[in-house]
Amino acid sequence: MFDRKLYDALSRLRLQMSNKSGMNVSGNRKSVKKGLSAEFSDFREYMPGDDLRRMDWNVYARLDKLYIREYMEEKEAVVSVLIDTSASMDYGTPNKAELARDLAAVTSYLALCNMDRLLLCDMKDMGKALAVSGGKRGFSKVLRWLETRTFSGEVDMLAAARKMQFHGPGVTVLISDFLHPGMLDEKAQDYEKLLKYLRYCRQRPVVLHTMAAEELHITLEGALNLIDAENQTRLRLTMDARTVEHYERELKRLMERMKKGCSGGRGAYVLCDTGRDITQLVFQDLRVIYDI
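Computed from a prediction, not measured in an experiment: that's the story for all the values here.

Colleague: Sorry if this is basic, but what is going on with the overall build of the protein chain here?
Modeller: Helix and strand counts for the protein chain stand at ten helices and ten strands. Counting only residues that meet the buried cut, the protein chain has 49% of its 292 residues in that class. For the protein chain, the exposed surface amounts to about 15600 Å²; the carbon and sulfur share of it is 49%.

Given below as C-alpha cells:
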C-alpha cells in the first residue's frame with residue numbers, strides 16, 4: 001500500500017461530517033450533547049447541582065443572575081467503509097481492486113487518526129464486518145483485513161447497504177465501479193435509492209467511483225467478443241468510432257447522474273481513475289471529502 005510519509009501527511013486531515021455525532025464514546029467530533037471541551041457553545045441559567053467552575057461571573061456582575069457556560073462535548077463518530085468485491089473490480093492495469101484497497105486504507109486511516117469508530121464491510125459478505133476503534137493502533141487490523149479480500153462473483157449494492165445497522169449520524173464511504181445492472185439502469189434507480197437510504201439513516205454518502213483507465217479511455221477496436229466478468233454472458237461488438245462515442249457519452253451521463261445524486265444529499269462524489277498518480281488522487285481529487 002502506501003509509505004509512511006504519505007500516512008504522516010494524511011494525519012493532518014479528517015473526513016468531513018454532515019451531522020454532529022450522537023455517540024456516547026469520547027472522541028474528536030463535536031457532539032449534539034453538551035460537555036467540557038474547550039469550544040464554547042452557549043449560556044444557560046444556573047440550576048442547583050451545576051458545576052460552579054462553569055459559572056460566568058462577568059455575566060453575573062452585569063445581570064445579577066447566575067449563568068453557566070456550556071461547551072460542545074467531543075464524541076467519536078462512526079465511519080462505515082463499504083467495498084465492492086465483485087468480479088468487475090478485478091480488472092485493469094493498474095487494477096481496480098488494488099485501488100479499492102488503497103482507498104479503503106486511506107479513509108480508514110483518517111477515521112482512526114481522528115478517534116472515530118470504523119466499520120469495514122465487504123459488500124459480498126456483510127455479515128462479517130470489521131469494527132475497529134481506539135485510534136491508529138488499530139490500523140494494522142485494517143491492512144490485514146483488506147489483504148484478505150477476494151474480488152469475484154456478483155454484488156447487490158443496495159441490498160448490502162440495507163443490511164447495515166447505523167447507530168446515529170456518520171459517514172458512509174462507498175468504493176465501487178458501480179457497474180451493476182441496477183446501478184446503471186435509470187429506471188430501476190438503485191443508485192438513487194441507495195443514497196436516499198443513507199440520507200434517511202443520517203449518513204453523509206461519500207462515493208469513490210473506482211474506474212480503470214481502460215474503461216475511461218477506450219482503445220479497443222475491431223470485432224470483439226466481450227464477456228461479463230460476473231455472469232459470463234457474451235456480447236459480440238464492433239468497436240468503431242461510433243460505438244466508442246456512444247460509450248463515452250453514456251459514461252459521462254452516468255458520472256453526471258452520480259455526482260448530482262451526491263450533491264443533493266450533502267455527500268461527495270469522486271472519480272478515482274487507476275491511471276491517476278496516487279498522491280494526486282489522495283491529496284487533490286479527494287479534497288472534497290476532507291474537513292480542511
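Colleague: Is there a simple way to explain the sheet that holds strand S4 (residues 117-122) in this structure?
Modeller: Strands pair in a sheet through their backbones, by hydrogen bonds, and they do so in one of two ways: parallel or antiparallel. An order of S5-S4-S3-S6-S7-S10 is seen for the six strands of this open sheet, with the pairing classed as mixed. Both edges of this open sheet fall to strand S5 (130-132) and strand S10 (268-273), since each of them pairs with a single strand only. The sheet shows a mean angle of 15° between the axes of neighbouring strands, direction not considered. Of the strand pairs in this sheet, strand S3 (residues 78-83) and strand S6 (residues 170-176) are connected by six bridges, and their pairing is parallel. By the bridge assignment, isoleucine 83 is partnered in S6 with isoleucine 175. Against the sheet, helix H7 (residues 190-200) touches S6 and strand S7 (203-211), its axis set at about 145° to S7.

Colleague: Explain the packing of helix H3 (residues 96-113) against helix H4 (residues 139-147) here, please?
Modeller: Helices that pack against each other are described as a pair by the angle of their axes relative to one another and the distance between those axes. Two elements in contact, H3 and H4, have axes separated by 10 Å at closest approach and are oriented at 160°. The pairing of H3 with H4 is recorded here as roughly antiparallel in orientation. Both H3 and H4 take part in a crossing whose hand is right-handed. Listed contacts from H4 to Arg101, Ala104, Ala105, Ser108, Tyr109 and Leu112 of H3 are Phe139, Val142, Leu143, Leu146 and Glu147.

Colleague: Explain the pairing of strand S9 (residues 234-239) here, please?
Modeller: Along a regular strand, successive side chains alternate from one face of the sheet to the other. In this sheet, S9 lies alongside strand S8 (residues 222-227) in antiparallel orientation, the contact comprising six bridges. Looking at S9, one finds that glycine 222 is bridged to methionine 239. Joining the antiparallel neighbours S8 and S9 is a turn of six residues, in which glutamine 232 adopts a positive phi near 65°.

Colleague: Help me out: how do you make sense of the side chain of glutamate 215 in this one?
Modeller: The topology assignment puts glutamate 215 in helix H8 (residues 213-216). The class of glutamate 215 is buried, set by a relative accessible area of 10%. Side chain to side chain, glutamate 215 and lysine 96 meet in a polar contact 2.9 Å long. For glutamate 215, the residues in contact, after removing those within four places along its chain, are Tyr91, Lys96, Leu179, Tyr247 and Leu251.

Colleague: Is there a simple way to think about the packing of aromatic side chains in this case?
Modeller: The geometry of two aromatic rings is summed up by the distance between their centres and the angle between their planes. Applying the stated rule across the entire model yields five aromatic pairs. Between tyrosine 7 and phenylalanine 139, the aromatic rings sit 5.2 Å apart at their centres with planes inclined by 65°, giving edge-to-face as the arrangement. Note that tyrosine 7 is positioned in helix H1 (residues 4-10) and phenylalanine 139 in helix H4, a separation of 132 residues in sequence. Both residues of the pair, tyrosine 7 and phenylalanine 139, count as buried. Residues tyrosine 109 and phenylalanine 139 carry aromatic rings whose centres are separated by 5.0 Å and whose planes lie at 70° to one another, so their mutual orientation is edge-to-face. Here the residue tyrosine 109 occupies a position in helix H3, and phenylalanine 139 occupies one in helix H4, the gap between them amounting to 30 residues. Residues tyrosine 109 and phenylalanine 139 agree in their burial class; the two are buried. One aromatic cluster is present, built from ring pairs that chain together Tyr7, Tyr109 and Phe139. Between arginine 149 and the ring centre of tryptophan 145, over which it is positioned, the NZ or CZ distance is 4.0 Å.

Colleague: So what exactly am I meant to see when it comes to the packing of H7 against helix H9 (residues 241-263) here?
Modeller: H9 packs onto H7 with a crossing angle of 15° between their chain directions and a minimal axis gap of 10 Å. In terms of orientation, H7 lies roughly parallel with respect to H9. For the pair H7 and H9, the crossing hand works out as right-handed. Note on element contacts: H9 touches H7 through Arg257, Met258, Gly261 and Cys262, opposite Tyr191, Glu192, Leu195 and Arg199.

Colleague: Just checking my understanding: could you explain a nonpolar patch on the surface for this structure?
Modeller: Among the surface-exposed residues, Trp57, Tyr60 and Leu66 lie close enough to one another that they form a single nonpolar patch of about 300 Å² accessible area. With respect to the helices and strands, the residue tryptophan 57 is situated in helix H2 (residues 57-63).

Colleague: I tried to follow the pattern of salt bridges on my own but got confused; where do I start?
Modeller: Oppositely charged side chains can pair when the atoms bearing their charge come close. Enumeration according to the criterion identifies nine salt bridges in this entry. In this structure, aspartate 291 engages arginine 14 in a salt bridge whose closest nitrogen and oxygen atoms are separated by 3.4 Å. Here the residue aspartate 291 occupies a position in the segment after helix H10 (278-283), and arginine 14 occupies one in the loop between H1 and strand S1 (26-45), the gap between them amounting to 277 residues. A salt bridge links glutamate 98 to arginine 101; the nearest nitrogen and oxygen atoms lie 2.6 Å apart. Taken together, the residues span about one helical turn, with glutamate 98 and arginine 101 both in helix H3 at a distance of three residues. Among the charged side chains, a salt-bridge network with shared partners connects Lys96, Asp177 and Glu215.

Analysis parameters
- Residues numbered from 1 in each chain as written.
- Predicted model: local features only at pLDDT ≥ 70, side-chain atom pairs only at ≥ 80, totals over all residues.
- Heavy atoms only, no water.
- Helix = DSSP H or I, 4+ residues; strand = E, 2+ residues; numbered from the N terminus.
- Buried < 20%, exposed > 50% of the residue type's maximum accessible area, 1.4 Å probe, protein only.
- Areas by Shrake-Rupley, 256 points an atom, 1.4 Å probe, with all protein chains shown as cover.
- Pairing = 2+ DSSP bridges.
- Axes fitted to C-alpha atoms, helices over the stretch in contact; angles between N-to-C directions.
- Contact = heavy atoms within 4.5 Å.
- Parallel < 35°, antiparallel > 145°, perpendicular 65-115°, else oblique.
- Left-handed = near helix turned anticlockwise from the far one by under 90°.
- Polar contact = N/O pair within 3.5 Å; in protein donor to acceptor, adjacent residues only side chain to side chain.
- Phe/Tyr/Trp six-rings, centres within 6.5 Å; stacked < 30°, edge-to-face > 60°.
- Lys NZ or Arg CZ within 6 Å of the ring centre and 35° of its normal.
- Patch = residues over 30% accessible without salt bridge, like charges linked within 9 Å, V, L, I, M, F, W, Y side chains within 5 Å.
- Salt bridge = Lys/Arg side-chain N within 4 Å of Asp/Glu carboxyl O.

Keep in mind that these numbers describe shape and distance, not what the molecule does.
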